[in-house]
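# Secondary and tertiary structure notes
Residues per chain are reported as follows:
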Amino acid sequence: MMNNNSNPLLIYNGHIIDPSRGIDEIGSLLITDGKISWLGVEEITPPQPGYDVLHAQGLIICPGFIDLHCHLRQPGFEEKETIATGTQAAAKGGFTTICCMPNTNPPLDNQVNIDYVKSVTATEGVVCVLPIGCISKSRQGKELTDMGELASAGAIAYSDDGEPAANSRLMRQALDYSLASGLPIIDHCEDVTLTEGGVMNEGLISTKLGLQGMPAAAEEIIVARDLALAQLTGGRLHIAHTTTEGSVDLIRQAKEKGIQVSAEVTPHHLTLTEEKVVGYDTNAKVNPPLRTKRDIQALIQGLNDNTIDIIATDHAPHTEADKLCEFALAAFGISGFETALGSLMSLVHDGQLTLATLIAKLTCEPARIIGNKYGRLGTLAVGSPADVTIFDPDMAWVVDTKAFASKGKNTPLAGSVLKGKVIATTSQGRLVYKDDSVEVNTNGKY
Ligand code: DOR
């Protein structure tokens, strides 16, 4: 049963982890009028009459996840996803704030198009959507957008994602102009002269499969260029979907020099290798491509030493027809919201990331990149909007794409068993997702 939210909701007796304030303890959390009104270790005994109660014993309670990089496809590609289905999938994955990339049709390159996303979200969205505006008009890489107009309309960053900012002069100007709004430039780092025709990581496996490769150097060349331009301009650079050991090294060195850069990595690049492509599963075709075990180790080390700031899904839903074709013709992208936590928990179960680090990379760290302008995000501090994710760290489940809320069933994880499942999500106090395994009891019962 979904609570009707007119009553206070007590999330009772769970394991609260809020890295924004160093909280890691058993306790309860109360939501009243859309806000976190109380959080504490002493149990409220018994939960008060009039409270709705979700008994969270054995479950983790943490700030709602924030995704700095996803594709909602509306306007223009509603057959792949809509703001309604995308936000429902996000809620199911524990995400309460999602930042959507502007590679829609029309692209989000002016105020009217940003306003459209905001107004559809207001009526159809179940979690908060923050739009990202284009760097260049029509994402053509030729002429800058009116970046001030996009910032005033509510864009939280600029990107031509799906395409790199291929022209170095334009990238320099974008970083320069971004100083006025203070918003980051998010670059999809790919030297397209090296990747043209490529469909997977370049290496022994691409050779064996007879598929054209995309070398690690294609990413690293643009990462190196962007870092040099960030140093030149003082602008804020954010590297999207980092995938290679070389990129991690470059970002680490840049941070040591004091260059203003942040970086993200996706769940799939942290957990899957290029070997997923053996068998020609087009659902494993993604850009940048799945890389090697060695790259994965470097990415995990980068997360642990804060070279890589955040985890972002790059949720990229596609239709069956987009993927049901020969490998070379298939669309790039993985539908990622609903498997993100389960995939990432494998790193915690293997001892490669602590639970607190994983949660930080999904909550307070992306909140820091977005900044405070859009409300207090990524924290369970009393008075903040009640964006809360509750998950079972140990529950095993089978990925069934038919049960996805997303229209995009395109995942190479279909049929896999993941350990770690989102149980409930509240967005500004509204229960926007609840797993069948828990009940919300009314009137103080628990
Ligand atoms: O695999 C990808 N899919 N990579 C991108 O950069 C774009 C995305 C999409 O829009 O489908």
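Our subject is the structure that appears above.
Rules of the game
- Residues numbered from 1 in each chain as written.
- Predicted model: local features only at pLDDT ≥ 70, side-chain atom pairs only at ≥ 80, totals over all residues.
- Heavy atoms only, no water.
- Helix = DSSP H or I, 4+ residues; strand = E, 2+ residues; numbered from the N terminus.
- Rg over C-alpha atoms; globule rule 2.2 N^0.38 Å.
- Buried < 20%, exposed > 50% of the residue type's maximum accessible area, 1.4 Å probe, protein only.
- Contact = heavy atoms within 4.5 Å.
- Near = heavy atom within 4 Å.
- Polar contact = N/O pair within 3.5 Å; in protein donor to acceptor, adjacent residues only side chain to side chain.
- Areas by Shrake-Rupley, 256 points an atom, 1.4 Å probe, with all protein chains shown as cover.
- Nonpolar A, V, L, I, M, F, W, Y, C, P; charged D, E, K, R; others polar.
- Pairing = 2+ DSSP bridges.
- Axes fitted to C-alpha atoms, helices over the stretch in contact; angles between N-to-C directions.
- Expected span 1.5 Å × (residues − 1).
- Core = buried A, V, L, I, M, F, W, Y, C linked by side-chain atoms within 4.5 Å.
- Parallel < 35°, antiparallel > 145°, perpendicular 65-115°, else oblique.
- Left-handed = near helix turned anticlockwise from the far one by under 90°.

Looking only at helices and strands, one finds 14 helices and 19 strands in the protein chain. Scaling as 2.2 N^0.38, a compact globule of 446 residues should have a C-alpha radius of gyration of about 22 Å, and the protein chain matches this with 21 Å. Seen through its principal axes, the protein chain has C-alpha atoms that stretch 65 × 50 × 45 Å. Burial statistics for the protein chain: of 446 residues in total, 61% are counted as buried. The contacts in the protein chain between residues at least 6 apart in sequence include a share of 75% that link residues at least 24 apart.

In the vicinity of the ligand lie 14 residues, with Arg-73, Asn-103, His-188, Asn-287 and His-318 positioned nearest. Note that an oxygen atom of the ligand is positioned 3.1 Å from one of the side-chain N or O atoms of His-318. In this structure, Phe-332 approaches the ligand through a main-chain N or O atom, which is 3.1 Å from a nitrogen atom. Protein coverage of the free-state accessible area of the ligand, which is 290 Å², stands at 93%. The class makeup of the residues in the shell around the ligand is 3 nonpolar, 8 polar and 3 charged.

The next point concerns the sheet that holds strand β7 (residues 95–100). Ordered in space as β6-β7-β8, the 3 strands form an open sheet in which the pairing is parallel. Where the open sheet ends on each side, the last strands, each with one partner, are β6 (65–70) and β8 (128–131). The average angle at which neighbouring strand axes cross in this sheet is 20 degrees, direction not considered. Here 4 bridges tie β7 to β8, and the two strands are oriented parallel to one another. Paired with Cys-99 across the two strands is Leu-130, which belongs to β8.

Below, the discussion takes up the pairing of strand β5 (residues 60–63). When strand β1 (residues 9–18) meets β5, the two strands line up parallel, connected through 2 bridges. What sits directly across from His-15, in β5, is Ile-60. Looking at chain direction, β5 and strand β16 (residues 388–398) are connected through 4 bridges and run antiparallel. Residue pairing in the sheet places Cys-62 in a bridge with Thr-389 of β16.

Looking at the element boundaries, Ala-298 is found in helix α10 (residues 293–304). Under the relative-accessibility criterion, Ala-298 is labelled buried at 11%. Remark: the alpha-carbon pair of Ala-298 and Glu-245, spanning 53 residues in sequence, is separated by 5.2 Å. Ignoring sequence-local partners within four residues, the contact set of Ala-298 consists of Glu-245 and Val-248.

Quick look at the sheet that holds strand β15 (residues 310–311) now. As summarised here, the arrangement of the 5 strands in space is β9-β10-β13-β14-β15, forming an open sheet in which the pairing is parallel. Of all the strands in the sheet, the pair left with one neighbour each is β9 (158–159) and β15. Relative to strand β10 (residues 185–187), β9 is paired through 2 bridges, and the arrangement is parallel. Of the residues in β10, the one forming a bridge with Ser-159 is Ile-186.

On to helix α7 (residues 216–233). Since one α-helical turn is 3.6 residues long, residues separated by three or four positions face the same way. Between its first and last C-alpha, α7 extends 26 Å over 18 residues, near the 26 Å set by a 1.5 Å rise per residue. Looking only at α7, the buried set comprises Ala-218, Glu-219, Ile-222, Val-223, Arg-225, Asp-226, Leu-227, Leu-229, Ala-230 and Thr-233. In the core, the buried residues of α7 are packed alongside α4 (168–181), β10, α5 (192–195), β13 (237–239), α8 (245–256) and β14 (261–265). Once α7 ends, the next one or two residues include Gly-234, with phi positive near 80 degrees.

Quick look at the nonpolar core now. Formed by 73 residues in total, the largest nonpolar core has its most connected members in Ile-98, Leu-270 and Phe-391. Per element, the largest residue contribution to this core is 6 residues, and it comes from helix α12 (residues 340–349). The residues contacting Leu-270, other than those within four sequence positions of it, are Val-265, Ile-296, Leu-299, Ile-300, Leu-303, Ile-311, Leu-344 and Leu-347. Among the nonpolar cores identified, the runner-up in size contains 21 residues, and Ile-11, Ile-23, Leu-54 and Ala-386 belong to it.

How two helices sit against one another is set out by the angle between their axes and by the gap between those axes. Across the interface, α8 lies against α10 with an axial gap of 8 Å and an inter-helix angle of 25 degrees. Relative to α10, the element α8 is oriented roughly parallel. The chirality of how α8 crosses α10 is left-handed. Across the interface between the two elements, Glu-245, Val-248 and Arg-252 of α8 pack against Arg-294, Asp-295, Ala-298, Leu-299, Gln-301 and Gly-302 of α10. For the contact of α8 with α10, the class distribution of residues is 3 nonpolar, 2 polar and 4 charged.

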